[in-house]
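Analysis of the macromolecular model
This is what each chain is made of:
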Amino acid sequence: MAKTLEDVKRVREIASELEQLGVPRKTTDKIRRWVKGEAKRMRDEGDEKLPFDTWKCHICGEERPDDKISVLSKPLVINGQPCGQQNIRYCNDRPACVEGAETFSFFK
Ligand SMILES: [Zn+2]
């Protein structure tokens, strides 16, 4: 059982990273279900009042519900050298954010 909301958030981030690495959503869904259960339990116990099932869109900066946020993985290239990948979260129901994600980079 997780100790803090931070732990739970980390697990959720890890689930996203696993998906980026090609782990099937079917598998990570189990983790996500656990995360939701833990988050709900903590909320019910009054540990945290913050909304949890939301993600911040990197394009428009708004907090959106989990099902409205998608992740675009792009190679991270610095000085022409591939250095890994960056995961860009965007609103999948907003054309401007979908388009923005294509050109967005954390390192410009
Ligand atoms: Zn957005």
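Since the model is a prediction, treat every value here as computed from it, not as a measurement. (Residues numbered from 1 in each chain as written. Predicted model: local features only at pLDDT ≥ 70, side-chain atom pairs only at ≥ 80, totals over all residues.)

Counting its secondary structure elements, the chain contains three helices and four strands. For the chain, the residues scored as buried account for 14% of the 108 residues in total. Taking as baseline every contact in the chain between residues at least 6 positions apart, the subset at least 24 positions apart corresponds to 39%. (Helix = DSSP H or I, 4+ residues; strand = E, 2+ residues; numbered from the N terminus. Buried ≥ 20, exposed ≤ 12 C-beta atoms within 10 Å, placed from the backbone. Contact = placed C-beta atoms within 7 Å.)

The next thing to look at is helix 1 (residues 5-20). If you check helix 1, its first and last C-alpha atoms are 23 Å apart, about what 16 residues at 1.5 Å a residue would give, namely 22 Å. Downstream of helix 1 by a residue or two, G22 has a phi angle that is positive, lying close to 100 degrees. (Expected span 1.5 Å × (residues − 1).)

Counting nine residues, the largest nonpolar core is built from W55, C57, I59, I69, I88, Y90, C91, C97 and A101. Mapped onto this core, the elements with two or more residues apiece are strand 4 (81-91) and helix 3 (95-103). Broken down by element, the residue count for this core peaks at three residues, all from strand 4. In contact with I88, other than residues within four places in its own chain, are H58, V71, L72, K74, A101 and F104. (Core = buried A, V, L, I, M, F, W, Y, C linked by C-beta atoms within 7 Å.)

As paired strands, strand 3 (residues 69-78) and strand 4 are joined by ten bridges and run antiparallel to one another. Bridge assignment links S70 to a residue of strand 4, and that residue is Y90. The antiparallel hairpin formed by strand 3 and strand 4 contains two residues in its connecting segment, where N79 sits at a positive phi of about 50 degrees. (Pairing = 2+ DSSP bridges.)

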